[in-house]
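Listed below are the residues making up each chain.
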Amino acid sequence: MPKRVDHEERRTQIAEALIRVAGRRGLHAVGMRDVAAEAGVSLRLVQYYFQTKEKLLFHGLQHLTDRFTARVGARLAAAGPDPGPRATVEALLLASLPTDEESRTFHLLYSSYAILSVTDGALAAQPFIENPDAAENALTGLLEQAQEAGLADPGADARTEAVSLLAMAAAMGTSILVGQRKQGSAVAVLHHHLDRIFTSGS
């Protein structure tokens, strides 16, 4: 009896291969043949599942986002059963900084995909991410929750602070990636701004 193929598992295998090889060579330099070799499968099989390089890259980005979500979840689990709004905000921001191989690859490929989507018509035709405001909305909600509980500056504009924190984390992530800033320095800057927003009881 022929072995039943788990198609989702095979797609994940190929996406993981894309992430590994792109993390080494850069997203712009990766072709479907490279991904097939990394995954240990035929080029025809990669083409069967994804048809085009653009579809493969988009699926890889979604897979990378799922891995990021899992990293945030692990940080929150480590913070205890009720981490509170500040610890949750920290988990979201710190998980995006390239502080280890996993997060380095996330930041590198996520940034690369954004840049490629500006100049590549096929990539630009697809949504960069399905819900581009998800992180901003999540942080805004957490800051509003902290304000209502008396744990954050009531005069701060939660939406503006959320946008500022995300932009700061992205920029500092890139500065770590290129060797301009040390990880500890970036984390200290984030903590400085969180201390400005949150009261000591949060």
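Above this text sits the structure in question.
Residues numbered from 1 in each chain as written. Predicted model: local features only at pLDDT ≥ 70, side-chain atom pairs only at ≥ 80, totals over all residues. Heavy atoms only, no water.

## Considering the overall build of the protein
The cut-off we apply is this: The secondary structure listing takes helices from DSSP runs of H or I that are at least 4 residues long and strands from runs of E that are at least 2 residues long, numbered from the N terminus. Three labels apply to residues, based on accessible area from a 1.4 Å probe with only protein chains included: buried if under 20% of the type maximum, exposed if over 50%, partly exposed otherwise in between. Any two residues having at least one pair of non-hydrogen atoms within 4.5 Å are treated as being in contact. Each accessible area value is a Shrake-Rupley result obtained with a 1.4 Å probe; residue values ignore everything except the protein chains displayed when judging cover. Charged residues are defined narrowly, with Lys and Arg counted positive, Asp and Glu counted negative, and His plus the chain ends left uncounted. Charge coordinates come from a single atom per side chain, which is NZ of Lys, CZ of Arg, CG of Asp or CD of Glu.
Each helix and strand in the protein was counted, giving ten helices and zero strands. Starting at the N terminus and walking to the C terminus, you meet the elements of the protein as α-α-α-α-α-α-α-α-α-α. In terms of overall dimensions, the protein has C-alpha extents of about 60 × 40 × 30 Å along its principal axes. Out of the 202 residues belonging to the protein, those deemed buried represent 38%. Here the contacts in the protein between residues at least 6 apart in sequence split such that 65% fall between residues at least 24 apart. Accessible surface, the protein: about 10900 Å² in total, of which carbon and sulfur atoms supply 55%. Seen as two clouds, the 20 positive and the 23 negative side-chain charges of the protein have centres 11 Å apart.

## Comments concerning the packing of helix H5 (residues 84–96) against helix H8 (residues 134–148)
Stated precisely, the cut-off is as follows: The axes used here are C-alpha line fits, helices contributing only the stretch in contact, and every angle between their N-to-C directions lies in the interval 0 to 180 degrees. Any angle that falls under 35 degrees is termed roughly parallel, while one over 145 is termed roughly antiparallel, one within 65 to 115 roughly perpendicular, and all others oblique. By definition, any crossing whose near helix is turned counterclockwise from its far helix by less than a right angle is left-handed, and any crossing with a clockwise turn is right-handed. When residue character is reported, Ala, Val, Leu, Ile, Met, Phe, Trp, Tyr, Cys and Pro are called nonpolar, Asp, Glu, Lys and Arg charged, and the others, Gly included, polar.
Where H5 meets H8, the closest approach of the two axes is 9 Å, and the angle between their N-to-C directions is 160°. When the interaxial angle is binned, H5 and H8 end up roughly antiparallel. Crossing of H5 over H8 shows left-handed handedness. For the pair H5 and H8, the contacting residues are Pro 85, Thr 88, Val 89, Leu 92 and Leu 93 in the first and Leu 139, Leu 142, Gln 145 and Ala 146 in the second. Of the residues in the contact of H5 with H8, the class split is seven nonpolar, two polar and no charged.

## Some words on the packing of helix H4 (residues 53–78) against helix H6 (residues 101–119)
Packing of H4 against H6 brings their axes to within 10 Å, and their N-to-C directions diverge by 140°. Judged by the angle between their axes, H4 and H6 are oblique. H4 and H6 meet at a crossing whose hand is left-handed. On the side of H4, the interface is formed by Leu 57, Phe 58, Leu 61, Leu 64, Thr 65, Arg 67, Phe 68 and Arg 71, while H6 contributes Glu 102, Ser 103, Thr 105, Phe 106, Leu 109, Tyr 110 and Tyr 113. Looking at side-chain class alone, the contact of H4 with H6 contains nine nonpolar, three polar and three charged residues.

## A word on the pattern of salt bridges
Short version of the rule: Take a side-chain nitrogen of Lys or Arg and a carboxyl oxygen of Asp or Glu: if they are within 4 Å of each other, that pair is a salt bridge.
Counted under the stated rule, the structure contains ten salt bridges. We note a salt bridge from Asp 100 to Arg 71, for which the minimum N-O separation is 3.6 Å. Of this pair, Asp 100 sits in the loop between H5 and H6 while Arg 71 sits in helix H4, and the two are 29 residues apart along the sequence. Residue Glu 90 pairs with Arg 86 through a salt bridge whose shortest N-O separation is 2.9 Å. Of the two residues, Glu 90 and Arg 86 both sit in helix H5, four residues apart, roughly one turn of that helix. Using a relative accessible area of 14% as the deciding quantity, one classes Arg 86 as buried. If you follow the salt bridges from partner to partner, you end up with Glu 16, Arg 67 and Glu 102 in one network.

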